[in-house]
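If you want the building blocks of each chain, they are given just below.
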Amino acid sequence: MLSRLSGLSRPRTLALSAVPIVALLVVVGVAPLPYAVAQPGLTANVLADYQGTPVISIKGAPTRETTGQLRMTTILATGPSAEVDFGDVLDGWIRTDRAVLPRDSVYPAGQSDKEIQKHNTDEMVKSQNSAVDAALAQLGRKRDSVDVTLHLADVGGPSAGLLFALGIVDMLDGDGSGGDLTGGRDIAGTGTISATGDVGAVGGVSLKTQAAGRDGATVFLVPEAECADARSELPDGMRLIPVRTLKGAVSSLKALEQGGKVPNC
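Residues numbered from 1 in each chain as written. Predicted model: local features only at pLDDT ≥ 70, side-chain atom pairs only at ≥ 80, totals over all residues. Heavy atoms only, no water.

**Topic: the confidence of the model for the protein**
Selection rule: Confidence scores here are pLDDT values: one per residue, from the predictor, ranging 0 to 100. Note on contacts: a residue pair qualifies if any of its non-hydrogen atoms lie within 4.5 Å across the two residues.
The predicted model of the protein averages 86 in pLDDT, with 88% of residues at 70 or higher. Here residues 1–29 scores under 50 on pLDDT; set against residues more than four positions off or in separate chains, the count is six contacts.

Listed below in structure tokens is the structure:
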């Protein structure tokens, strides 16, 4: 075969050599790939209503009128059964407002759409329970004397935990001195939370900062381990604050309000 190719002119040799590559690209271009394509999703102020229902409802303790916003952020990804082809992946790699992720990193492997939906709902419920525990512990209050209900329809997963906890703290205690924890700012963020107040990484933060900037936020709270990802597509004028614990997040917001020293990514 090599000897036969060596007798061809160079342009024809290149053309013939390209035939298998073109065929491969055609196959890849139409074949579904094991990826999900994500983009900036919705944001919601946990201090306000969402779809006509308060995101945070508290009984058994007086609550404060708050100003400013604490905006949880999401990503919008192709569904677990969606067919993602080479063109979708290429578009996602090129665009800064898209991300291509292994499907198994977004959805549990080997589960049906219905099972995945239930999994995400269960994770949200666990996150909400942990957020309530962490917030009340932060304030030195007992759960059996304060009834907190969290409601956020059509959103799954655990990544709103930090913002839920901060919202509860702001509604019950503010900055502890009569002011708002937000300082009147539009603050966004993301992060899982444990019942003891530890903040965990979530993924997709560069898309979430874009969603936050689109919806008016000027400050973004990000799990410390994801600072580099958050900086990669950071909207102009947005301030990043790294977070490891709920206590640290509360301290940082108080320092921001009072003009003190605030950690930076």
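Don't stop here, the text continues.
**Looking at the nonpolar core**
To keep things clear, this is the line we draw: We define the nonpolar core as a collection of buried residues of types Ala, Val, Leu, Ile, Met, Phe, Trp, Tyr and Cys that are connected through side-chain atoms lying within 4.5 Å of one another. Categorising residues by exposure relies on relative accessible area from a 1.4 Å probe, with only protein chains included: less than 20% of the type maximum marks a residue as buried, more than 50% marks it as exposed, and the intermediate range marks it as partly exposed. Per the convention used, a helix needs a DSSP run of H or I reaching at least four residues, while a strand needs a run of E reaching at least two, with both numbered from the N terminus.
Grouped together as the largest cluster of nonpolar side chains are 46 residues, with contacts concentrated most on Ile56, Leu152, Leu162, Phe164, Leu166 and Ile168. Here this core takes nine residues from helix H6 (residues 161–172), the largest share from any one element. Leave out the neighbours within four places in its chain, and Ile56 touches Val46, Val148, Thr149, Leu150, Phe164, Gly167, Ile168 and Met171.

**Regarding the packing of helix H5 (residues 113–139) against helix H9 (residues 246–258)**
Where we set the bar: Each axis is a line fitted through C-alpha atoms, and for a helix only the stretch in contact is used; angles between axes span 0 to 180 degrees, taken between their N-to-C directions. With respect to orientation, any angle under 35 degrees is reported as roughly parallel, any angle over 145 as roughly antiparallel, any angle of 65 to 115 as roughly perpendicular, and every other angle as oblique. Crossing handedness is defined as follows: a turn of the near helix away from the far one that is anticlockwise and smaller than a right angle gives a left-handed crossing, while the clockwise case is right-handed. Side-chain classes follow a simple rule in which Ala, Val, Leu, Ile, Met, Phe, Trp, Tyr, Cys and Pro form the nonpolar group, Asp, Glu, Lys and Arg form the charged group, and the remainder, Gly included, forms the polar group.
At a minimum axis distance of 10 Å, the contact between H5 and H9 shows a crossing angle of 60 degrees. It follows that H5 is oblique to H9 by the angle criterion. The hand of the H5/H9 crossing is right-handed. Residue-level inspection shows Ala134, Ala135 and Gln138 of H5 in contact with H9, the latter providing Leu246, Lys247 and Val250. Tallied by class, the residues present in the contact of H5 with H9 amount to four nonpolar, one polar and one charged.

**Digging into the sheet that holds strand S12 (residues 239–243)**
Each strand in a sheet pairs with its neighbour through backbone hydrogen bonds, running either in the same direction (parallel) or in the opposite one (antiparallel). Worth spelling out the cut-off: At least two bridges found by DSSP between two strands are what make those strands a pair.
Strand order in the open sheet formed by six strands is S6-S1-S5-S8-S11-S12, and the pairing between neighbours is mixed. The strands lining the two open edges of the sheet, one partner per strand, are strand S6 (99–102) and S12. Going from strand to strand, the sheet's axes swing by 35 degrees on average, the running direction of each strand aside. Relative to strand S8 (residues 186–189), strand S5 (residues 69–77) runs parallel, the two sharing four bridges.

**Looking at the environment of Val148**
Residue placement: Val148 occurs in strand S7 (residues 147–150). Here Val148 falls in the buried class, since its relative accessible area comes to 11%. Along the chain, Val148 and Asp133 lie 15 residues apart, while their C-alpha atoms are 9.8 Å from each other. Residues within four places of Val148 in sequence aside, it is in contact with Ile56, Ser57, Ile58, Val132 and Ile168.

**Quick word on the side chain of Thr190**
This is how it is decided: Any pair of nitrogen or oxygen atoms within 3.5 Å is treated as a polar contact; in protein, a donor-acceptor pairing is required on top of that, and neighbouring residues in sequence qualify only through side-chain atoms on both sides.
The residue Thr190 is located in the loop between S8 and strand S9 (192–193) in this model. In this structure Thr190 comes out as buried when scored by relative accessible area, which is 0%. Within polar-contact distance, the side chain of Thr190 engages the backbone oxygen of Ser159 at 3.4 Å.

**A short note on unusual backbone geometry**
Residues other than glycine seldom take positive phi values, yet Gln51 does so here, at roughly 55 degrees. Along the polypeptide, Gln51 turns up in the loop between strand S2 (49–50) and strand S3 (53–54).

**Re the pattern of salt bridges**
For the record, the criterion: We count a salt bridge whenever a side-chain nitrogen from Lys or Arg sits within 4 Å of a carboxyl oxygen from Asp or Glu.
In this structure the tally under the stated criterion is eleven salt bridges. Of the charged contacts in the structure, one is a salt bridge between Arg64 and Asp180, with a shortest N-O distance of 3.1 Å. Of this pair, Arg64 sits in the loop between strand S4 (56–59) and S5 while Asp180 sits in the loop between H6 and S8; the two residues are 116 residues apart in sequence, bridging distant segments of the chain. Classification of Arg64 as partly exposed rests on a relative accessible area of 22%. Asp133 is the salt-bridge partner of Arg143, the closest N and O atoms lying 2.6 Å from each other. Of the two residues, Arg143 sits in the loop between H5 and S7 while Asp133 sits in helix H5, which places them ten residues apart along the sequence. Note on Arg143: relative accessible area 37%, which makes it partly exposed. One network of salt bridges, in which partners are shared, links Asp91, Arg95, Asp97 and Arg98.

**Here's the deal with the packing of H5 against H6**
Here H5 crosses H6 at 40 degrees, and the two axes come no closer than 8 Å. Looking at the two axes, H5 sits oblique to H6. The crossing of H5 and H6 is right-handed. For the pair H5 and H6, the contacting residues are Met124, Ser127, Gln128, Ala131, Val132, Ala135, Leu136, Gln138 and Leu139 in the first and Gly161, Phe164, Ala165, Ile168, Val169 and Leu172 in the second. For the contact of H5 with H6, a count of residues per class yields eleven nonpolar, four polar and no charged.

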